[in-house]
Amino acid sequence: MSDADRPIDERGIDAGDETELERAGDVETAGPDDDFDPVQVFPESEDMDLRPGADDCYKCSTCDTSCPVAEVDDEFPGPKFQGPEQWRLKRQEDHDIDETVMKCSNCMRCDGACPSDVPLSQMHNTARGEYVQKGMSKLSVEYWRNRTLANYRRLAPLAAMFPRTSNFVMGLGPVRWLGEKLFGITSEREFPEFATETFRAWWAKRGGAETSRQRAKEARAERGEDGAEKRIAYFHGCYANYNTPEVAKALVRVYEHFGYEVMVPEQRCSGTPMFANGMLEDARRAAETNVDELATAIEEGADVVASCSSCSMSLRQEYPELFDLEGVDDVAANTWDAVEYLQVHEDLTGELEGASVEGVAGMEDFAYHAPCHARNQGLAGQTREVLAPIDGVEVHDVGDSCSGISGTYGWKEEHYDTSMKIGEEMFEHMEAADAEAGLTECPTCSMQMGHGTGYEITHTLEVLEAALVGAGSDGGGARPDR
Amino acid sequence: MARDTEVLVLGGGSTGCGIARDLAMRGLEVTLVERGNLTEGTTGRMHGLLHSGGRYAVSDRASARECIEENRVLREIAGHCVEETGGLFVKRPEDSDDYFRKKLEGCRDCDIPARVLSGREAREVEPYLAKDVERAIEVPDGAVDPFRLCVANAVDAERHGARIETHAEVIDLLREGDDVYGVEVRHDSGPGKRTHRAPGTTEEITADYVVNATGAWAGQIGAMADLEIEVRPSKGVMTIMNVRQVDTVVNRCRPKGDADIVVPHETTAILGTTDEEVEDPDDYPEEQWEVDQMIDTLAELVPILEEARTIRSFWGVRPLYEPPGTGTQDPTDITRDFFLLDHDERDGVAGIASIVGGKFTTYRAMAEEIADHVCAELGVDARCRTADEALPGSENLADLENAMDDFGLRSPIARRSKQRLGSRSREVLETDEPNPVICACEGVTRAEMQDAIEQSGSDLNAVRIRTRASMGNCQGGFCTQEMAHELHPEYDEPTVRDALDELYQERWKGQRHALWGEQLSQAMLSYALHATTLNRDSDPAGRDGDLEYGAFDAGPDAGPDADADATDRTPLDRRADGGEDR
Ligand SMILES: Cc1cc2nc3c(=O)[nH]c(=O)nc-3n(C[C@H](O)[C@H](O)[C@H](O)COP(=O)(O)OP(=O)(O)OC[C@H]3O[C@@H](n4cnc5c(N)ncnc54)[C@H](O)[C@@H]3O)c2cc1C
Ligand code: SF4
Ligand code: SF4
């Protein structure tokens, strides 16, 4: 068959067979086009063509002035170069990405700063993926260190099985020293402690969804609400599961207090640390599970809430930007920050009016840091506003600087100094604030806050729990009097 | 009588520069004069397509064959000016199957490698192609940078002893009886490299033979010696997109028509074009609807063009020619072939030939034919070597690839610099001096700027076409003044200011037809920045004559009287201090 009369897509054409045309190249006959998304050039997510995104940039440099890394590190060219400029200089076959992309902490402040909607973090994430894929040697220690940090969740279950041993071993000076020498993980930081019981273990022991349904029903009856069911799917992420189950438990109790049935679907890491390390393939695999599970929960009538601001950011913004998965837009549209959701759907202020945490140790004076990823979701002022009506709580906002740790970033030996330099402003403001403890919604920000000031750090949901349900209530979750 | 030069070439476009190089390599003494910068004419206002010949494969097979031959030659000798993009002739449902078949057949007849792709395969090559594109023919089209190629020809001609004079306008042909023996030129700022504010001069240059390679202006030159040359200038519009939506040349597979091709060009993509005869190649209307219509039509092939940002539009005039008596009505039907008019044979006037028509892609072959003619006229026996010897910048390009040297630059900057400089990269970029990026949009460093300034004098537009500085999305908003700084201290402040003004005007000119959406934001930002930080909306220091500083600031000793004085001034006075001028 000559290629001039090959069936083209579904449409055949009736061409006469010219022998002249027999010299045709031997190309496979291709089937009909499947629904093709032009942004995704190749099946690999790191090969997206984001050059058109550079159209929106008019080079005002606002992004550069808001980048915490560029502020302290002269070697970092800043988001404008890293994003629109670098993309615009590309030809399809060019794959060399400047190595400075690894200096970007993925705080995403540039995203929020840009007046012109340039998809900066999407560009950074994609470029980083490409750099790691093509530019970073798979044999390098850096690659494996980054992969280990990014896939922290894979290691966490092991540690969680023997939490005391893990905590003890991780805490040993020589181990941390070795970590730095062999792996480039800074010895300046202490590894986060693993909880003796993970949130999911607690959840299962407590009776899982069945118990929650029961409690929610009781709560609704008590609140005089009509029978309509209220349901959320909780995306707890890794940290609340392995390290701070008290935050996850607080969420469960607060939501049940408002009559919500809590579902805890199967889930994997949200991908935040993987994006930051350019491990887009790993992130994609995790995203497949998460989107699948959460989309199912949404179909069952739940909305998705997350207690970690980076997890909600990831599900809402990065997933749809980076992965062309079935249901991804649905999940993005129905995911909320846990406090935001209550503020929108319940009369949170009314409920908290007159509530009190007086007498609860460590709950009076907080130095509050809004994580960059909360800021990007428009939630910078939320915590102060929500907690204001509670008696006995003072929240001092420590300003809009970045904490500097940005997930796994500050864990790397080569970034430790940068990370601490960025954090300086926040540390100073925390010291200056009339406070006795720190407050934030991001696990790694909280590590940095603790590391820089020695404060205990609380999550906003824990304050809500103390005010609405009573602090440190029993492992079963409900107050004894209920 | 002893003449100043053996051959005098008029016009510094691709044709003129190609002829100058060819003759200089054959050992002849050559002078080239050009009224503006190199590429000032049509060469600097063309589409950038290195034809595979596919576009002519149905209508004009002779041209098609010539194109594919020269296409192969240029890949070899001008590798650093050519990007091997490949090209597609895409067929939409409403386009004729019959024509598609003819196109394929024609390509094969002319030895143009051609392969049919299904719609899906075509979209794998170019993901932004319309979903209803049914199929495509893949051909070896390429993208070529006319500026770099033309400059490289001129530089090589100079290396072989030629004299290249830019900003030297021919104002008269010297004719005595039936013999043309030279020209009179007006040097904008004296002979040699251009320096703003240097006084203009005129010069008579005599030659044994004159080659009129002024393209669309050939008729005007001819008229200076009462020679009639029937050039029919035909304008075409092109629009530059901010980014490359395609990395392959995308042609519409249909007989002929406006707006049927997108060519990736450096960091941009260029849409084109139209074909409409005009009276005067220096003065014709440029209209917004031409741009709008083109974007709409091409969006049928590449739908995202509809939404995409354009950074400027420009028009060029084709030097079309047809022998007297042909009488073609539609300019698209006029042949794209070139004609060598031997005025001795034609008009009985010796010592001059004119060259009209033709294409950029075949400039070298044209130059070869003309150089052969000139050699025959002058009785010189020398062989053409332009097909075998690489242009400066294109020698041993593989060595450059292998060296993988970044010259201390961030990798995308190094990559772009090397794509532009080719084998001259090391010579230009290796420096002990700090080498900051001057133009961030295009990734041009100071070292490359300085190299271009060395070639161009104070002419920043000449620096621009060599480097692409100020040709990115801000269109000079952020870098024109930095470019001007680079002229200092070699050139003094007033010279630098004039050079800046000229570049600035040129950059705004092309943006006029792109002022909507994002480019309008860009222009507003550039305007505001320049007004507020450089005083460019009304800079008193830019005026001629001495400034009376006392007129708007009498200094610390001035009492309240001085103030009262100020309120009495007329609006004209106030304008003089730069307050309200626009
Ligand atoms: C819209 C358009 C798109 C095109 N696209 C392509 C394409 O994609 N591929 C391709 O191969 N070809 C293309 N062409 C054709 C190609 O651009 C021209 O054929 C080629 O550039 C002509 O070069 P030239 O040197 O003959 O003329 P020019 O480049 O016009 O050179 C003539 C020079 O003479 C100078 N001059 C004029 N008067 C005087 C004077 N009095 N004194 C001194 N100098 C003077 C002018 O300033 C000018 O620089 C295109 C043409 C047009 C109009
Ligand atoms: S994500 Fe943060 S660190 Fe990275 S470029 Fe943007 S502002 Fe800078
Ligand atoms: S803030 Fe946005 S528009 Fe401004 S330079 Fe950065 S990316 Fe470009």
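All values reported here derive from a predicted model rather than from experimental measurement.

A. View of the site of ligand 1. Residues and elements named next belong to chain B. Near ligand 1 there are 33 residues, and of these Thr 15, Glu 34, Thr 42, Thr 43 and Thr 361 occur at the shortest range. Backbone polar atom of Leu 49 to a nitrogen atom of ligand 1: 2.9 Å apart, as the coordinates give it. Within the side chain of Thr 361, an N or O atom sits 2.8 Å from an oxygen atom of ligand 1. Protein contacts shield 96% of the accessible area of ligand 1, which totals 990 Å² for the unbound molecule. Contributions of two or more residues to the shell around ligand 1 are made by helix H1 (14-25), strand S10 (168-176), strand S13 (231-241) and strand S18 (310-321). Here the shell around ligand 1 is built from residues that sort into 10 nonpolar, 17 polar and six charged. Residue contributions to the shell around ligand 1 reach at least three from each of two domains, namely domain 1 (5-42 + 147-230 + 336-378) and domain 2 (83-141 + 233-318).

B. Representation of the nonpolar core. Residues and elements named next belong to chain A. If you look at the biggest cluster of nonpolar residues, it comprises 48 residues, and the most contacted ones within it are Phe 235, Phe 275, Val 304, Tyr 319 and Phe 323. Shared between two domains, this core holds at least three residues of each, these being domain 1 (37-135) and domain 3 (199-346). In this structure, Val 252, Leu 439, Leu 461 and Ala 467 belong to the second largest nonpolar core, which totals 46 residues.

C. Region of the structure containing the domain arrangement of chain B. Residue and element names in this part refer to chain B. Splitting chain B by domain gives domain 1 (5-42 + 147-230 + 336-378), domain 2 (83-141 + 233-318) and domain 3 (431-539). Taking both partners together, domain 1 and domain 2 bury about 610 Å²; carbon and sulfur atoms supply 40% of that area. Summed over the shared surface of domain 1 and domain 2, the number is two salt bridges. Connecting domain 1 to domain 2 are four residue pairs in polar contact (both at pLDDT 80 or more). Of the residues assigned to the side of domain 1 that touches domain 2, the class counts are two nonpolar, two polar and three charged.

D. Here's a closer look at the UniProt feature "domain: BFD-like [2Fe-2S]-binding" (unreviewed entry) in chain B. Cross-referencing UniProt, the feature "domain: BFD-like [2Fe-2S]-binding" (unreviewed entry) maps to residues 437-483 of chain B in the present numbering. Along residues 437-483 of chain B the backbone is 49% helical and 11% strand, and the end-to-end C-alpha distance reaches 11 Å.

E. Structural view of the pattern of salt bridges. Applying the stated rule across the entire model yields 78 salt bridges over all chains. Of the charged contacts, one joins Arg 213 of chain A and Glu 210 of chain A as a salt bridge, the two residues approaching to 3.0 Å between their closest N and O atoms. With Arg 213 of chain A and Glu 210 of chain A both in helix H11 (residues 208-222) and three residues apart, this pair spans about one turn of that helix. The residue Arg 512 of chain B makes a salt bridge to Glu 286 of chain B at a minimum N-O spacing of 3.1 Å. With a gap of 226 residues between them, Arg 512 of chain B in the loop between helix H16 (493-511) and helix H17 (517-534) and Glu 286 of chain B in the loop between strand S17 (276-277) and helix H7 (288-298) connect regions that are remote in the sequence.

What counts as what
Residues numbered from 1 in each chain as written. Chains lettered and ligands numbered in written order. Predicted model: local features only at pLDDT ≥ 70, side-chain atom pairs only at ≥ 80, totals over all residues. Heavy atoms only, no water. Near = heavy atom within 4 Å. Polar contact = N/O pair within 3.5 Å; in protein donor to acceptor, adjacent residues only side chain to side chain. Areas by Shrake-Rupley, 256 points an atom, 1.4 Å probe, with all protein chains shown as cover. Helix = DSSP H or I, 4+ residues; strand = E, 2+ residues; numbered from the N terminus. Nonpolar A, V, L, I, M, F, W, Y, C, P; charged D, E, K, R; others polar. Domains from an automatic or database assignment. Core = buried A, V, L, I, M, F, W, Y, C linked by side-chain atoms within 4.5 Å. Buried < 20%, exposed > 50% of the residue type's maximum accessible area, 1.4 Å probe, protein only. Buried area = accessible area lost by both parts, 1.4 Å probe. Salt bridge = Lys/Arg side-chain N within 4 Å of Asp/Glu carboxyl O. UniProt positions renumbered as here; feature names shortened; annotations may be inferred.

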